[in-house]
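Residue strings, one per chain:
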Amino acid sequence: KAKFVMEVRDLWPEAILALGKVNRKNPVIKALLFLEKFLYRKASQIVILGDNMEPYICGRRISKSKLVWIPNGVDLSRFERCSSQTTFGKGLRIMYLGAFSETNPLDILLQAAKLLQDKGYMDIRFILVGDGPTKESLVRLTKSLGLKNVEFRGAVPKNSVPQVLQEADALVLTKHPTFAAYSGSILKLFDYMAVAKPVIFSGEATYNPIEKSGCGLTVRPGDHQALMEAIIQLYEMSPEERAEMGKRGREYVEKYHDIRKLAAQLESVLQSVLSGG
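Residues numbered from 1 in each chain as written. Predicted model: local features only at pLDDT ≥ 70, side-chain atom pairs only at ≥ 80, totals over all residues. Heavy atoms only, no water.

**Re the overall build of the chain**
Assigned secondary structure in the chain consists of 11 helices and nine strands. Against the globule reference of 19 Å for 277 residues, the chain gives a C-alpha radius of gyration of 20 Å, in line with a compact fold. Dimensions of the chain, computed from the C-alpha atoms along their principal axes, are close to 65 × 45 × 30 Å. Per-residue burial for the chain yields a buried fraction of 49% across its 277 residues. Counting only contacts in the chain whose residues sit at least 6 apart along the sequence, the fraction spanning at least 24 positions is 72%. For the chain, the computed accessible surface area is about 13900 Å², with 52% contributed by carbon and sulfur atoms. (Helix = DSSP H or I, 4+ residues; strand = E, 2+ residues; numbered from the N terminus. Rg over C-alpha atoms; globule rule 2.2 N^0.38 Å. Buried < 20%, exposed > 50% of the residue type's maximum accessible area, 1.4 Å probe, protein only. Contact = heavy atoms within 4.5 Å. Areas by Shrake-Rupley, 256 points an atom, 1.4 Å probe, with all protein chains shown as cover.)

**Quick notes on a nonpolar patch on the surface**
Among the surface-exposed residues, V28, L32, F34, L35 and F38 lie close enough to one another that they form a single nonpolar patch of about 490 Å² accessible area. By secondary structure assignment, the location of L32 is in helix α2 (residues 27-42). (Patch = residues over 30% accessible without salt bridge, like charges linked within 9 Å, V, L, I, M, F, W, Y side chains within 5 Å. Salt bridge = Lys/Arg side-chain N within 4 Å of Asp/Glu carboxyl O.)

**Some points on helix α4 (residues 107-118)**
Taking 1.5 Å per residue, 12 residues should reach 16 Å; α4 reaches 17 Å between its end C-alpha atoms and fits that length. Turning to α4, its buried residues number three or more, namely I108, L109, L110, A112, A113, L116 and Q117. At its buried positions, α4 is contacted by β5 (124-129), α5 (135-144), β6 (150-153), β7 (170-174), β8 (199-202) and α9 (224-235). Where α4 terminates, the next one or two residues include G120, which has phi positive at roughly 90°. (Expected span 1.5 Å × (residues − 1).)

**Observations regarding the side chain of K66**
Structurally, K66 can be placed in the loop between α3 (53-58) and β3 (67-69). The buried charged residue K66 lacks any salt bridge, with E36 as its nearest oppositely charged partner at 13 Å. Within the structure, the side chain of K66 is placed 2.8 Å from the backbone oxygen of A43, a separation counted as a polar contact. Apart from the residues lying within four places of it in its own chain, the contact partners of K66 are Y40, R41, K42, A43, S44, Q45 and I46. (Lys, Arg positive; Asp, Glu negative; His and termini not counted. Polar contact = N/O pair within 3.5 Å; in protein donor to acceptor, adjacent residues only side chain to side chain.)

**Things to note about the environment of P133**
Here P133 shows up in the loop between β5 and α5. Placed 62 residues apart in sequence, P133 and V195 show a C-alpha to C-alpha distance of 27 Å. Discounting chain neighbours no more than four positions away, the residues touching P133 are F100 and S101.

**Side note on helix α11 (residues 259-274)**
Counted at 1.5 Å a residue, the expected span for α11 with its 16 residues is 22 Å, and the 22 Å between its end C-alpha atoms agrees. By the burial criterion, the buried members of α11 are L262, V269 and V273. What you see down the axis of α11 is that its buried residues fit within an arc of 40°, all on one side. Among the exposed residues of α11, those oriented more than 90 degrees off its buried face are R260 and L274. Buried residues in α11 make contact with β1 (5-8), β2 (45-48), β3 and α10 (239-256). Where α11 ends, the next residue or the one after it, G276, has phi of about 80°, a positive value. (Arc of directions from axis to C-beta.)

**Here we look at the pairing of β5**
The element β5 is extensively covered by neighbouring structure, given that five of its six residues are classed as buried. Bridge analysis of strand β4 (residues 92-97) against β5 gives six bridges, and the strand direction is parallel. Within the sheet, the bridge partner assigned to L97 lies in β5 and is V129. Remark: the β4/α4/β5 crossover connection has right-handed handedness. Across four bridges, the pairing between β5 and β6 is parallel. Within the sheet, the bridge partner assigned to L128 lies in β6 and is F152. As a crossover connection, the stretch from β5 through α5 into β6 is right-handed. (Pairing = 2+ DSSP bridges. Right-handed = clockwise from strand over helix to strand, strands pointing away.)

**Side note on the pattern of salt bridges**
For the structure on display, the rule yields 14 salt bridges. One network of salt bridges, with partners in common, ties together E151, R153 and E167.

Written out as structure tokens, the structure reads:
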């Protein structure tokens, strides 16, 4: 007889169906769709990480009153030593830190790196940190393209993330366009913003903190030419302009994505459920 609160981080199995590799008649998909609707109905409250999820869930004949939006956040105490007053050296070091997977199509970044290398921007360097199922193919692509401006590193423990991110002058995030409509808020993005670095986002999102805060640049997903142009735009900015961008991102997560504030909001939801409100 326990109260049941459901948190929806991504819209499964809709994201699987969007890839077009299976259809709704698949027995596994049918089972997942049944389970999804069963859980929605049984939940006293549904916490959604993305505000884009509301129309879909309500379309499953679930009352809007059941839904509450609490996005991902960041523990800012981990980033206390990070400063927006970054001293940028010669050139530009652009870092990706996260999972190597289909949802994060880093081949787009490598194609942009190739364009930059061919144009002679050899003082723009790329550091890719992490592991995952697509890493091996990305390493092979790097070799086949003859890239001399890309460095791969292994995954790092969570407590080392702030220190590693501090090595970069700017951070980059690529998202597969298929997943934009089905995904919640992007977790690693708030780590990026907390470290007070400018961010380049190749993707689409109904809620885009980069645009809202002015902490970076957003380009169309899957467009390596547009990504290259955004990188050059950032490269041509003064160190002071880039530092100001990073500062805006830090201030934004302090205001809207501090995990302590979000935890208090979740506590309020749980108390309301317990009291029958």
